[in-house]
Amino acid sequence: MHPVPDLIDNERRQLADVLKGMLADSQVPRLDVTTAFFNLRGLEALDPEIERLQALRLLLGKEQEQSFVVGDRLLAELEDAATRGETTAREIRRWRDFLAQDSVEVRRYAKTFLHGKAYIVHGVPALGVIGIVGSSNFTGAGLTTNRELNAVLKQESAVRDLQGWFEALWQEAEDYK
């Protein structure tokens, strides 16, 4: 089992590595994410463990264009990255297909500006569910290189409160896929 730290700052420990460790250790991994910003580098940072997810619920807080998340703008960005040699057509199809899966849900919270970032990992051995709350957006840089600060919630009551917060926002959010 991978160790689960109390704090993650992307310098001593990268959030991507911690999440990948938890997903790898879980027999039936599920992930709930609240983020103000999202990009495909965030998905790539969790590769290959992200492919093991039984469910991903992505709750976007910033008013990102829907076409960026699953549509034409996303494909245009990926094609531009391919032109620069940063990605391939195969990768473009892979992430498009990943986001299109029924097990991946995307919603946008539009009532007010939602800037909070939270990661809830279900299926963690011995603990069940772990919450991570902090400054890291679900972007490549937010998970790996930005100087961030995230606290890991292991206490059952704290994780339950975080889950309640997420579920309330999820119910108020609109489908964005």
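You'll find the structure just up there.
Predicted, not measured: the structure shown is a model, and the values here were computed from it. Throughout, a residue's number is its position along its own chain's written sequence, starting from 1. Predicted model: local features are reported for residues with pLDDT of at least 70 only, side-chain atom pairs are reported and counted for 80 or more only, and whole-chain, interface and lining totals are derived from all residues. Water and hydrogen atoms were dropped before computing side-chain values, which therefore reflect all heavy atoms in the structure.

The helix and strand labels rest on DSSP assignments: H or I over at least four residues marks a helix, E over at least two residues marks a strand, and numbering proceeds from the N terminus. The helix and strand inventory of the protein stands at seven helices and eight strands. Taking all contacts inside the protein whose residues are at least 6 apart in sequence as the whole, residues at least 24 apart take part in 76%. Between two residues, a contact is recorded if the distance between any of their heavy atoms is within 4.5 Å.

Next up on the list: the pairing of strand E5 (residues 117–124). Accessible area is worked out with a 1.4 Å probe on protein chains only. A residue is then buried under 20% of its type maximum, exposed over 50%, and partly exposed in between. Of all eight residues in E5, seven are buried; the element is thus mostly enclosed. Strands were regarded as paired on the criterion that DSSP finds at least two bridges between them. Relative to E5, strand E2 (residues 30–35) runs antiparallel, the two sharing five bridges. Directly across from Thr34, in E5, lies its bridge partner Ala118. Bridge analysis of E5 against strand E6 (residues 128–134) gives seven bridges, and the strand direction is antiparallel. Within E6, the residue paired with Ile120 across the bridge is Gly131.

Time to look at the packing of aromatic side chains. For Phe, Tyr and Trp, rings pair up if their centres lie within 6.5 Å, where Trp contributes its six-membered ring, and each pair is then called stacked (planes under 30 degrees apart), edge-to-face (over 60) or tilted (otherwise). Going through the model one piece at a time under the given rule, you end up with four aromatic pairs. Measuring from centroid to centroid gives 5.7 Å for Phe38 and Phe138, while their planes differ by 50°, and the two rings are tilted. Of the two residues, Phe38 sits in the loop between E2 and helix H2 (40–45) while Phe138 sits in the loop between E6 and helix H6 (140–144), which places them 100 residues apart along the sequence. Among the aromatic residues, those joined into a cluster by ring pairs are Phe38, Tyr119 and Phe138. The criterion is that NZ of a Lys, or CZ of an Arg, lies within 6 Å of the ring centre and within 35 degrees of the ring normal, and then a charge sits over that ring. Positioned above the aromatic ring of Trp170, the side-chain terminus of Arg57 is 5.1 Å from the ring centre. Positioned above the aromatic ring of Trp95, the side-chain terminus of Arg94 is 4.3 Å from the ring centre.

A few words now on unusual backbone geometry. Omega for the bond connecting Asp47 with Pro48 falls within 30 degrees of zero, at 5°, which places this linkage in the cis form. Its place among the elements puts Pro48 in the loop between H2 and strand E3 (55–60). The phi dihedral of Asn10 falls on the positive side, at around 70°, and the residue is not glycine. Mapping Asn10 onto the fold places it in the loop between strand E1 (7–8) and helix H1 (15–25). One non-glycine residue, Ala126, adopts positive backbone phi at about 70°. Take Ala126: its relative accessible area is 84%, and that puts it in the exposed class.

Below, the discussion takes up the sheet that holds E6. Strand order in the open sheet formed by eight strands is E1-E7-E6-E5-E2-E3-E4-E8, with mixed pairing between adjacent strands. One side of each edge strand has no neighbouring strand; the edge strands of this open sheet are E1 and strand E8 (174–175). Note on definitions: angles span 0 to 180 degrees between N-to-C directions of axes, and those axes are lines fitted to C-alpha atoms, for helices only across the stretch in contact. Against the sheet, H1 touches E1, E5, E6 and strand E7 (150–153), its axis set at about 25° to E5.

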